[in-house]
Amino acid sequence: MDAIRLPTSNQLYVIVGGSGALQRMLTLAARLALRGGVWVLDCGNRANPLPVVRELRRLTMDPVRALANIQTARAFTCYQVLALLEQTCSRPVREPVVIFDLLASFYDESVRYDEGQRLLAAALGHVRGLLAGAPVMVSVRPPPTDFPERAAFVQRVCAEADQCWVEEAPSAAGVYQQGSLWT
Amino acid sequence: MTYEGWLLDLYADGPRGVALWLVTDDDRRVRLCQRFPVRFFAAGPGPRLRALWRWLRGREPAPGLAREERRDLFVAERLPVLAVETADPAGLQPLFAEVEREFPDLTYYDADVPLTVRHAAAFGSFPLARCRAEADEQGNVRAFEVLDSPWALDPALPPLRILEINLPEGDPQRTPPTRLELRFRAWKQSYPWVAGSAPAAWLRAALQKLDPDIVLTDYGDTWLLPELLRRGQAPLSRDPAYPLRTVEEHTYFSYGQIVYRGQQVHLYGRVHIDRQNAMLWRDYGLEGILENARVTALPIQTAARISPGTGISCMQMQTALRDGVLVPWHKQQVEQPRSMLSLIQSDFGGLVYQPRIGLHFEVGAIDFVSLYPAVMVRCNISPETQARPLSQPPAPNPGLIPRTLAPLLHKRVALKTWAAKLPAWDPRRKSIRARTAAQKWLLVVCFGYLGYKNARFGRIEAHEAVTAGGREALLRAKEAAEDLGFAVLHLYVDGLWVQQAGCRTAEDFEPLLAEVTRRTGLPIALDGVYRWVAFLPSRGNRRVPVGNRYFGVFTDGSLKVRGLDARRRDTPPWVTAVQMGLLECLAQAVSPEDLKPAAAEALGRLRRELARLREGKVPLEDLLCAQKLSRPLEKYTHPSPAARAAGQLQAAGKRTAAGQRVRFLYVRGEERVWAWDLPQTFDRRCLDVGMYRKLALRAAADVFQPFGIEPEELYALMHNAARVPLFPLPV
Amino acid sequence: MGRTLPSITQSLNEEQAAFGRFRRALRRSDQTALDELFTAARQHLAAAAYAANLLPMETFLLAMLLEEHKEVARLRVQVEALQSRLLDDV
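One structure accompanies this document, and this report is about it.

What counts, and where the lines are drawn
- Along each chain, residues carry numbers from 1 onward, in the same order as the chain's sequence is written.
- Working convention: letters from A go to chains and numbers from 1 go to ligands, in the order in which they are written.
- Predicted model: local features are reported for residues with pLDDT of at least 70 only, side-chain atom pairs are reported and counted for 80 or more only, and whole-chain, interface and lining totals are derived from all residues.
- As a rule here, side-chain values cover all heavy atoms of the structure and leave hydrogens and water aside.
- A run of H or I in DSSP becomes a helix once it reaches four residues, and a run of E becomes a strand once it reaches two; helices and strands are each numbered from the N terminus.
- Between the first and last residue of a helix there are one fewer steps than residues, each counted as 1.5 Å, and that sum is the expected span.
- For each residue, the accessible area found with a 1.4 Å probe, counting protein chains only, is set against the maximum for its type, and the residue is called buried under 20%, exposed over 50%, and partly exposed in between.
- Contacts are residue-level and defined by heavy atoms, with any inter-residue pair within 4.5 Å sufficient.
- Surface patches are defined over residues having more than 30% relative accessible area and no salt bridge, joining like charges when they lie within 9 Å and nonpolar side chains (Val, Leu, Ile, Met, Phe, Trp, Tyr) when within 5 Å.
- Only the protein chains shown count as cover for residues, and all accessible areas are computed by the Shrake-Rupley method using a 1.4 Å probe.
- By definition, a salt bridge exists where a carboxyl oxygen of Asp or Glu is found within 4 Å of a side-chain nitrogen of Lys or Arg.
- Counting rule for charge: Lys and Arg are taken as positive, Asp and Glu as negative, and neither His nor the chain ends is counted.
- Charge positions are represented by NZ for Lys, CZ for Arg, CG for Asp and CD for Glu.
- A 1.4 Å probe defines the accessible area here, and the buried area is the portion of it lost by two parts on being joined, summed over both.
- Think of a polar contact as two N or O atoms within 3.5 Å of one another; within protein, one of them needs to be a possible hydrogen donor and the other a possible acceptor, and neighboring residues in sequence only count if both atoms come from side chains.
- Three classes are used, and their members are as follows: Ala, Val, Leu, Ile, Met, Phe, Trp, Tyr, Cys and Pro are nonpolar, Asp, Glu, Lys and Arg are charged, and the others, Gly among them, are polar.
- When DSSP finds at least two bridges between two strands, those strands are taken to pair.
- Aromatic contacts are taken between Phe, Tyr and Trp rings whose centres are within 6.5 Å, Trp giving its six-membered ring; a plane angle under 30 degrees counts as stacked, one over 60 as edge-to-face, and the others as tilted.
- Charge-over-ring placement is defined geometrically: NZ (Lys) or CZ (Arg) within 6 Å of the ring centre, and within 35 degrees of the ring normal.
- Lines fitted to C-alpha atoms define the axes, with helix axes restricted to the stretch in contact, and inter-axis angles between N-to-C directions lie between 0 and 180 degrees.

Here we look at helix α5 (residues 220-231) of chain B
Residues and elements named next belong to chain B.
Thinking step 1. The terminal C-alpha atoms of α5, which comprises 12 residues, lie only 14 Å apart, well short of the 16 Å expected from a rise of 1.5 Å per residue.
Thinking step 2. The complete set of buried residues in α5 reads Gly 220, Asp 221, Trp 223, Leu 224, Leu 225, Glu 227, Leu 228 and Arg 231.
Thinking step 3. On its buried face, α5 sits against β10 (162-166), β11 (179-184), α4 (198-210), β13 (214-217), β17 (264-266) and β18 (271-274).

What follows is the structure, given as structure tokens:
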């Protein structure tokens, strides 16, 4: 998972991971914004605009104009995630959609497992709806250690994907890698 | 029969409706019963609503069903809904739970509105409201009318009978009690805390003889009442049909703080308040709790125990019910999409300036009165409205939030104005202070609540509009001050500190107050004029100022202290006393010339306190730290002192929940702390005197630094007690 | 509700941290001077937050410059006072 290529067709791209995945999503949003409109749906309070600006400044003389291409909205509970996707789906969306941390609110202890499952199924229904008009990129984090059973949510999302990247945990690599000695 | 009096309690009473307890004008306590069916609503696709209809029709007893059109605050058109009504108010919740399980895809409204809030919306009722009821022989209410308003400034209150049940030795779960004390007006009786049923019998006798309206206890929720009931029968509730209701203990997060609430014991027809488990008892006491209940319309027992966030939410629900607006069960409203550029320009909080570090003389502190709520009302900020700028006149049709807040805000301002006019000896001043303190908490949280993710009537854009309004108001105030020739020393969210040669009385600042009000349309008041005030730097870097670390003396000699150790609840009482003692020494200085002798006296005082510590004369109780356990004990990887102390307690069989405070002493040795509530007796020789010396010196250093005595200098001075201090004072 | 944008203090800390490698390679005396510049920027955090600049570092640089200019102005006044005293003495 060195880089996420810019999407070429209306496919669902899923990226599973922590801060590395987040960084890549932010970079991706910036690059997409250079080409035209982008929708950023932030489901985990993760879409910090400042790294996007920094990336844009490397790529263009006019980061403000590119930034204005990004339409963003946030959802803080899984009910809001569902409502946000439904609302976005009801518009004629033709630009790429980048969804940050889709499952964050599904890991909330106040949400019952079966309720989460039901809401996620409905949310993924809307994601499929979005694919009719545009490519969709989704990032998800693995569940916190308190809810290992919610890894099933991640699998559910991955099962929908046309392409799925999984960020490797450093220890899980299993292969000895020579790191830099001095950084 | 017609009854006139005050409404004491209201709760669900089976299919008959609600039970009402009245304190009548002839001092009787009357239980009446009123028919009061309650409803919830479901919305969704037609076929699903029809399926719900069929499912409900087959139930026994069949709830009332109707198709209606109602208003959702966030939807333009009226919404077709299915109304589901139960005659038994207590039956609504279980029925709704089943419906929600069976039809999870529908949207629900009005499903979890507290019963008293529903009653308040229907009848204008609230705890201790003056009311008139007409009832038949069996006590069934035929007509009910409320005669006053929660916004009355000086309401006539009933002569309440209050029974106190005290455990003079403190927390019974830490130290087993030996005495039980009952108190009723001037009567007081102390009993030995013996084994067996005797304590329950004494309480029973007292309840039967005195028939109190309010039972005030220490640890009644968490230990005393359950323990007494275990020992024997006592008619704790007034209503024989309902013994009592317990609510389990729980821990939750609120504003980034972990909060622990113990188990609760609620009574029927009588009010139980556990002073140790009540919210903010120390801040506003019973008067504040009663005020809270009046304005939120929550039962007194609930108002005593809930967070202000829940209180403000209930007030909003009441407004919504009155207006026929649906109360969503789950918030689904989402942010409207906007460009990332506008996110950058709106997603930030209040203005917190960096003050001019150091000592300043003759400084006026002026504060906007409840700035954020005032902005919400002034600019009509509500999830369903378009906010209006400060420069425009107030909106003609205020939204749900401003309508909820305006009466509370006006009442608070009116009470404060009234209190300021009362003479100092007037007992009403104390009562007004308690009531305005309770209102203040509700007003403080209503802003945060607007941005809270689960708030039914919250919306981020509205939350951002409030901070934007607050920033604008503060900047206008700054500009007004500068235009009038003041130097602005500090700005902090809703207040500013200003200085101008020759301005030293309240009158000198009046033109500024008038000008700020003219430019913002918001009420602003003089907090006071400081003889001197010192803004402190960060402890980490002496050149970096910190927004909320300062102390000063007003012209009347009273002290104001923020962000110092003395203000922290986990500081040992002795350290707090040392720091406050030093400040009181300095507060005696009326003019800059007096500061030098005052500082010299303070140094002497510090030296004496350190000597007392060295000589073992400071009582151990005064050296106790009381720190909160910030998470469950097993989740600590590097245990804090509080966690180590909690670990010792756990080993001794005493559990501490996250959010609870642990009291401990600093000791020498590997563990470094000693949990105060361990059963073993403490050996004073283990005490880590050096640690306490360090804490006291650190607290003292904050006080002396603005007077030109740097921390290193202070430590050196205290090491060499004989040396005469030579310090530069900025006078 | 958690904010998406980092606070202005966090922003400054991040920007300062981003110059970690630069700082490390400086002489100790220059490191101190650099730290003082960042400390100067901290005097104007409230104004920097209010400015809501897309690139907060621009505002921080201006804040540093502002403090430097105040210092220059203060020193100029002192120098002029000393000069006039010298001239008086002569």
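Describing a positive patch on the surface
Residues and elements named next belong to chain B.
Thinking step 1. A contiguous patch of positive charge on the surface is contributed by Arg 50, Arg 54, Arg 57 and Arg 67.
Thinking step 2. By residue number, the principal contributor to the positive patch is helix α1 (residues 46-57), which donates three residues.
Thinking step 3. In this structure, Arg 57 sits in helix α1.

Description of the interface of chain C and chain A
Thinking step 1. The interface of chain C with chain A comprises 13 residues on the first partner and 15 residues on the second.
Thinking step 2. For the pair chain C and chain A, the summed buried area comes to about 1,100 Å², and 65% of that belongs to carbon and sulfur atoms.
Thinking step 3. Applying the counting criterion to the chain C and chain A interface returns one salt bridge.
Thinking step 4. Of the charged contacts in the structure, one is a salt bridge between A:Arg54 and C:Glu14, with a shortest N-O distance of 3.7 Å.
Thinking step 5. In this structure, the connection of chain C to chain A is made through zero residue pairs in polar contact (both at pLDDT 80 or more).
Thinking step 6. The leading source of residues in the side of chain C that touches chain A is helix α1 (residues 8-18) of chain C, at three residues.
Thinking step 7. The residue makeup of the side of chain C that touches chain A, split by class, is six nonpolar, three polar and four charged.

Some words on the interface of chain B and chain A
The accessible area lost on association of the parts is a frequent measure of interface size.
Thinking step 1. Listed as interface residues are 23 residues of chain B and, on the opposing side, 28 residues of chain A.
Thinking step 2. Overall, the association of chain B and chain A removes approximately 2,200 Å² of surface from exposure, summing both partners, and the carbon and sulfur fraction of that is 60%.
Thinking step 3. For the pair chain B and chain A, the number of links is three salt bridges.
Thinking step 4. With four residues, helix α9 (residues 340-346) of chain B is the largest single contributor of residues to the side of chain B that touches chain A.
Thinking step 5. Across the side of chain B that touches chain A, the residue classes break down as eight nonpolar, six polar and nine charged.
Thinking step 6. By the bridge criterion, two bridges tie strand β3 (residues 70-74) of chain A to strand β19 (residues 338-339) of chain B in an arrangement that is antiparallel. Paired with A:Gln71 across the strands is B:Ser339, a residue of β19(B).

Quick notes on the packing of aromatic side chains
Thinking step 1. Considering all chains together, one arrives at 29 aromatic pairs over all chains under this definition.
Thinking step 2. Centroid distance C:Phe19 to C:Phe38: 6.5 Å. Interplanar angle 45°. Geometry classified as tilted. Linking C:Phe19 in the loop between α1 and α2 (20-25) with C:Phe38 in helix α3 (residues 28-41), this pair joins segments that are 19 residues apart in sequence.
Thinking step 3. Classification of C:Phe19 by relative accessible area gives partly exposed; the value is 34%.
Thinking step 4. C:Phe38 gets classed as buried once you look at its relative accessible area, which sits at 3%.
Thinking step 5. Taken together, the ring pairs in this structure connect B:Phe40, B:Phe96, B:Tyr108 and B:Trp329 into an aromatic cluster.
Thinking step 6. Cation over ring: B:Arg631 sits above B:Tyr636, and NZ or CZ is 4.5 Å from the ring centre.

What about the sheet that holds β10(B)?
All names here are of chain B.
Thinking step 1. Taken together, the five strands give an open sheet; going across it, the order is β12-β11-β10-β13-β18, and neighbouring strands pair in mixed fashion. Two strands bound the open sheet, and with one partner strand each, they are β12 (187-192) and β18. Shown here is a sheet whose adjacent strand axes are inclined to one another by a mean of 15°, direction ignored.
Thinking step 2. Where β10 lies against β13, four bridges are found, and the strand directions are parallel. Considered in β13, the bridge of Glu 164 is made with Leu 216.
Thinking step 3. Sheet contacts for α4: β10, β11 and β12; angle to β11, the most-contacted strand, approximately 0°.
Thinking step 4. The strands touched by α5 are β10, β11, β13 and β18; relative to β18, the strand with the most contacts, the crossing angle is about 125°.

Details of the environment of B:Lys596
All names here are of chain B.
Thinking step 1. Looking at where Lys 596 falls in the secondary structure, it is placed in helix α16 (residues 592-614).
Thinking step 2. Residue Lys 596 is classed as partly exposed on the basis of its relative accessible area, which comes to 42%.
Thinking step 3. Residues Lys 596 and Leu 586, 10 residues apart in the sequence, show an inter-C-alpha distance of 9.0 Å.

As for the sheet that holds strand β4 (residues 97-100) of chain A
Thinking step 1. With respect to topology, seven strands assemble into an open sheet ordered β6(A)-β1(A)-β5(A)-β4(A)-β2(A)-β3(A)-β19(B), the strand pairing being mixed. For this open sheet the edge positions go to β6 (163-166) of chain A together with β19 of chain B, each flanked by a neighbour on one side alone.
Thinking step 2. As defined by bridge partners, strand β1 (residues 12-16) of chain A adjoins strand β5 (residues 136-140) of chain A across five bridges and the pair is classed as parallel. In the sheet register, A:Val14 faces β5(A), and the bridge partner there is A:Val138.
Thinking step 3. Taken strand by strand, helix α4 (residues 78-89) of chain A contacts β2 (38-42), β3 and β4 of chain A, and its axis lies near 165° from that of β2(A).

Side note on the pairing of β2(A)
All names here are of chain A.
Thinking step 1. Of all five residues in β2, five are buried, a share of seventy percent or more.
Thinking step 2. Here β2 shows no split at all, with Val 38, Val 40 and Asp 42 on one side and Trp 39 and Leu 41 on the other all buried.
Thinking step 3. One ladder, built from five bridges, connects β2 with β3; its direction is parallel. Looking across to β3, one finds that Trp 39 is bridged to Gln 71.
Thinking step 4. Judged from the four bridges that link them, β2 and β4 form a sheet pairing that is parallel. Bridged to Leu 41 within β4 is Ile 99.

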